[in-house]
Amino acid sequence: MSTPAAQHAPGGAVAARARGLTKAYGSGETAVIALDSVDVEIARGRFTAVMGPSGSGKSTLMHCLAGLDTVSAGQVWLGDTEITGLRDRDLTRLRRDRVGFMFQSFNLIPTLTAAENITLPMDIAGRRPDPRWLDQVIDTLGLRDRLTHRPAQLSGGQQQRVACARALASRPELIFADEPTGNLDSRAGLEVLGFLRGAVDDLGQTVVMVTHDPGAAAHSDLVLFLADGRIVDDMERPTADAVLDRMKRFDVVRERLVEGDGDDGTTRED
Ligand SMILES: Nc1ncnc2c1ncn2[C@@H]1O[C@H](COP(=O)(O)OP(=O)(O)OP(=O)(O)O)[C@@H](O)[C@H]1O
Ligand SMILES: [Mg+2]
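Residues numbered from 1 in each chain as written. Chains lettered and ligands numbered in written order. Predicted model: local features only at pLDDT ≥ 70, side-chain atom pairs only at ≥ 80, totals over all residues.

Got a minute to help me understand the overall build of the chain in this structure?
What the chain contains, in helices and strands, is nine helices and 10 strands. Computed over the C-alpha atoms, the radius of gyration of the chain is 19 Å, within 12% of the 18 Å expected from 2.2 N^0.38 for a compact globule of 270 residues. Here the C-alpha coordinates of the chain stretch approximately 55 × 40 × 40 Å along the principal axes. Per-residue burial over the chain gives 40% buried out of 270 residues. Partitioning the contacts of the chain with sequence separation of at least 6, the portion at a separation of at least 24 is 70%. (Helix = DSSP H or I, 4+ residues; strand = E, 2+ residues; numbered from the N terminus. Rg over C-alpha atoms; globule rule 2.2 N^0.38 Å. Buried ≥ 20, exposed ≤ 12 C-beta atoms within 10 Å, placed from the backbone. Contact = placed C-beta atoms within 7 Å.)

Spelled out as structure tokens, the structure:
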């Protein structure tokens, strides 16, 4: 399948790409196909949102595109470099240089302060953060007075913002954000979205963001809709209302499918 995301990417302007990307967990009868032969291109310098029901494969897609997880079949490229089959060391270096990742579960180190968590990936890489950029990130995310706190001393939203700052600290060209506003109040959420939007508009960075919130998706340029491990639709220049409408239509289709042959047990909670 060729998605419109592919059609809108001018030659060479692709930040990440997958072809026939399949990811299965487990094997035999208990195997779960999290991604089912996905073809996708993430255009450079754009803000792409990924939506879909819980369990549809959004996090798995992000992890595979970012080179954080192995694939069962298919190919993945970061820029022009095919990462499937790359040696661990080369993949680590490529990821470190190009990719920032905001995990759904934060993945902060409990024994380090917020400031230490933010600069950890750069410290490991032996690189010094640009102090002006780091200041901007910290102030925008409202973390200035929390820098010496450890994760356990921070609220969920504050931990989310530390994870956000960590992903942005090295000013990566490609930022993956897995539900970055999921734990934030609306004001902090808007600030993170504004920051991601600014990273694209002002700095030419590329953002891919998973969200369940139509209002958050409306900040993107393109929404990809996932269902059961496949990209089933997309929407250019989304508005919150249009996204909500589209999600309702999916629900209707799902209900019909379930009513029709409700024996496959694949209904999801949301
Ligand atoms: N480590 C794993 N082992 C086994 N199955 C897994 C694993 N990780 C994910 N899955 C399964 O793969 C499918 C896709 O999971 P994924 O986390 O990508 O969904 P998601 O769309 O991000 O959901 P959510 O909105 O709840 O975060 C789910 O059915 C999930 O149970
Ligand atoms: Mg997820």
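What's the story with the sheet that holds strand β8 (residues 206-210) in this structure? I'm lost.
Within a sheet, neighbouring strands are paired by backbone hydrogen bonds and run either parallel or antiparallel to one another. Spatially, β6-β7-β8-β3-β9-β10 is the arrangement adopted by the six strands of the open sheet, whose pairing is mixed. Two strands close off the open sheet at either side, each with one partner strand: β6 (99-102) and β10 (230-236). Within the sheet, the average angular offset between the axes of one strand and its neighbour, ignoring direction, is 15°. The sheet contact formed by strand β9 (residues 222-227) and β10 spans six bridges and is antiparallel. (Pairing = 2+ DSSP bridges. Axes fitted to C-alpha atoms, helices over the stretch in contact; angles between N-to-C directions.)

What exactly am I supposed to notice about the site of ligand 1 here?
Taken together, 13 residues lie around ligand 1, and Tyr25, Ala34, Ser54, Ser59 and Thr60 are the ones closest in. Sorting the residues of the shell around ligand 1 by element identifies β2 (32-43) and α2 (58-65) as the ones contributing at least two each. Considering each element in turn, the shell around ligand 1 owes the most residues, three residues, to α2. Split into classes, the residues belonging to the shell around ligand 1 amount to three nonpolar, nine polar and one charged. (Near = placed C-beta within 6 Å. Nonpolar A, V, L, I, M, F, W, Y, C, P; charged D, E, K, R; others polar.)

Looking at this structure, I do not really get helix α6 (residues 156-168). What am I missing?
Given 3.6 residues per turn, any residue in an α-helix points the same way as the ones three and four places further on. For α6, with 13 residues, the first-to-last C-alpha span of 19 Å sits near the 18 Å given by 1.5 Å per residue. Among the 13 residues in α6, 11 count as buried, and that is most of the element. For α6, every residue scored as buried is listed here: Gln158, Gln159, Gln160, Arg161, Val162, Ala163, Cys164, Ala165, Arg166, Ala167 and Leu168. On its buried side, α6 packs onto β6, α4 (114-125), α5 (131-140), β7 (174-178) and α7 (186-203). (Expected span 1.5 Å × (residues − 1).)

Looking at this structure, how should I read the sheet that holds strand β4 (residues 73-78)?
The sheet built from four strands is open, its strands ordered β2-β1-β4-β5 with antiparallel pairing. A strand with exactly one partner marks an edge of an open sheet, and here the two such strands are β2 and β5 (81-82). Bridge analysis of β4 against β5 gives two bridges, and the strand direction is antiparallel. Directly across from Trp77, in β5, lies its bridge partner Glu82.

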